[in-house]
Amino acid sequence: MREGPDAGRILASLKQYKDQFESFRGVGRFKTFRSAGVKSFRIAWIGSQPQNLRVETLGPWGQSAATFVINGSSFFLYSRQDNRYFKGDATVRNLSRFVSMPMRAEDLFGLLSGQPPILAFHRAKIRASRGEGGRLLSLYKKWGRLIEKIWLADDEETVERVEVFDGRGNLKYRIQFSEFHQVESSCLPHRIAISDLDGPLWSLTVEKFRTNVSIPDGAYTLEVPGAQVIDLDS
């Protein structure tokens, strides 16, 4: 893996920043923008290293409507409305059925802690962002194939926008981070918006967020006796 000294320093800083959150807890407003029109509901989530995540979608009275769990390499989802329980490996294919975009489990985990995805790469290049201020960090696979662009603010630490590309150089999705607030010792985005070439996919407005919190035992297990079980990998 080869990279210029500035790119290497910034990538190391982003990784260190991401790894400092051993656990986190949040509450916010989630919106989706496809198929059945705009839908909005509140969600609550917890997460802890490495790559453990639980998300609850909440009904109008605060009751849980659906539960989404990533436990390492495993994925579970329970819908209370129709009493269906989905399980399978936490692969991009399985997750994309429910998050409407081709995203890895580790990237979804990172987003819910306010961090950008960093894809595996072979070469990195950084330059001034033309006409926008700050820096543009570009990541490449072999043969110079661009896979990700990361726009940073003038401080070279705050990520404001990310674009992820497929093997042909086409945009897969775009992430916009905004409304930054100080959370304990970190500056984190309180609005995350996801889009693709067809427009907005979903957005999250963070209402409350805490880091390095206590996680209850069994938080990443999901037992739903009597539910209809659907194995996503069968």
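Caption draft 1: Broad picture of the layout of surface pockets. What the largest pocket holds in volume is close to 1000 Å³. What lines the largest pocket is a set of 31 residues, among which Phe30, Thr32, Phe41, Thr57 and Phe98 lie closest to the centre. Among the secondary structure elements, those contributing two or more residues to the lining of the largest pocket are β2 (23–32), β3 (39–48), β4 (52–58), β5 (64–71), β6 (74–79), β7 (84–89), α2 (92–99) and β14 (199–211). For the lining of the largest pocket, the leading source of residues is β5, giving 4 residues. By residue class, the composition of the lining of the largest pocket is 19 nonpolar, 8 polar and 4 charged. There is about 310 Å³ of room inside the second largest pocket. Elements with a minimum of two residues in the lining of the second largest pocket: α1 (5–19) and α3 (105–111). With 6 residues, α1 is the largest single contributor of residues to the lining of the second largest pocket. Looking at the lining of the second largest pocket residue by residue, the classes come out as 8 nonpolar, 2 polar and 6 charged.

Caption draft 2: Representation of the environment of glutamine 49. Examined against the element boundaries, glutamine 49 turns out to sit in the loop between β3 and β4. What makes glutamine 49 partly exposed here is its relative accessible area of 27%. Ignoring any residue separated from it by four or fewer positions in sequence, one finds glutamine 49 in contact with Lys18, Asp19, Phe21, Glu22 and Phe109. A distance of 3.3 Å separates the side chain of glutamine 49 from the backbone oxygen of phenylalanine 21, its partner in a polar contact.

Caption draft 3: Representation of empty space enclosed by the protein within the structure. According to the stated counting rule, one finds 2 cavities of 30 Å³ or more in the structure shown. Considered as a void within the structure, the largest cavity measures approximately 50 Å³ in volume. Taken together, Trp45, Leu111, Leu112, Ser113, Gly114, Leu188, Pro189, Ile192, Leu204, Val206 and Phe209 make up the full set of residues lining the largest cavity. Going through the elements one at a time, β13 (186–196) and β14 are the ones with two or more residues in the lining of the largest cavity. Class assignment for the residues of the lining of the largest cavity results in 9 nonpolar, 2 polar and no charged. Of the pockets and cavities examined, the second largest cavity occupies roughly 30 Å³. Around the second largest cavity, the lining residues are Leu14, Lys18, Gln115, Pro116 and Ile118. For the lining of the second largest cavity, the class distribution of residues is 3 nonpolar, 1 polar and 1 charged.

Caption draft 4: Examining the pattern of salt bridges more closely. Tallied over the full model, the rule gives 8 salt bridges. With a closest N to O distance of 3.6 Å, arginine 104 and glutamate 106 form a salt bridge. Among the residues examined, arginine 104 registers a relative accessible area of 23% and is labelled partly exposed. The class of glutamate 106 is partly exposed, set by a relative accessible area of 33%. The closest approach of N and O atoms between aspartate 107 and arginine 104, which form a salt bridge, is 2.7 Å. By relative accessible area, which is 2% here, aspartate 107 ends up buried.

Caption draft 5: Seen up close, the confidence of the model for the chain. Predicted confidence across the chain gives a mean pLDDT of 89, with 97% of residues reaching 70 or more. Here residues 1–5 scores under 50 on pLDDT; set against residues more than four positions off or in separate chains, the count is 10 contacts.

Caption draft 6: Spatial organisation of the side chain of glutamine 115. Summarising the element assignment, glutamine 115 is placed in the loop between α3 and β8 (123–128). Apart from residues no more than four positions distant in its own chain, glutamine 115 is found in contact with Tyr17, Lys18, Phe21, Gly110, Phe177 and Leu188.

The rules behind these values
- Residues numbered from 1 in each chain as written.
- Predicted model: local features only at pLDDT ≥ 70, side-chain atom pairs only at ≥ 80, totals over all residues.
- Heavy atoms only, no water.
- 1 Å grid on protein atoms, 1.4 Å probe; cavity = no way out; pocket = protein on both sides within 12 Å on 5 of 7 lines; lining within 4 Å.
- Points joined across faces, edges and corners; volume = space filled by probe spheres on them.
- Helix = DSSP H or I, 4+ residues; strand = E, 2+ residues; numbered from the N terminus.
- Nonpolar A, V, L, I, M, F, W, Y, C, P; charged D, E, K, R; others polar.
- Buried < 20%, exposed > 50% of the residue type's maximum accessible area, 1.4 Å probe, protein only.
- Contact = heavy atoms within 4.5 Å.
- Polar contact = N/O pair within 3.5 Å; in protein donor to acceptor, adjacent residues only side chain to side chain.
- Salt bridge = Lys/Arg side-chain N within 4 Å of Asp/Glu carboxyl O.
- pLDDT = per-residue confidence, 0-100.

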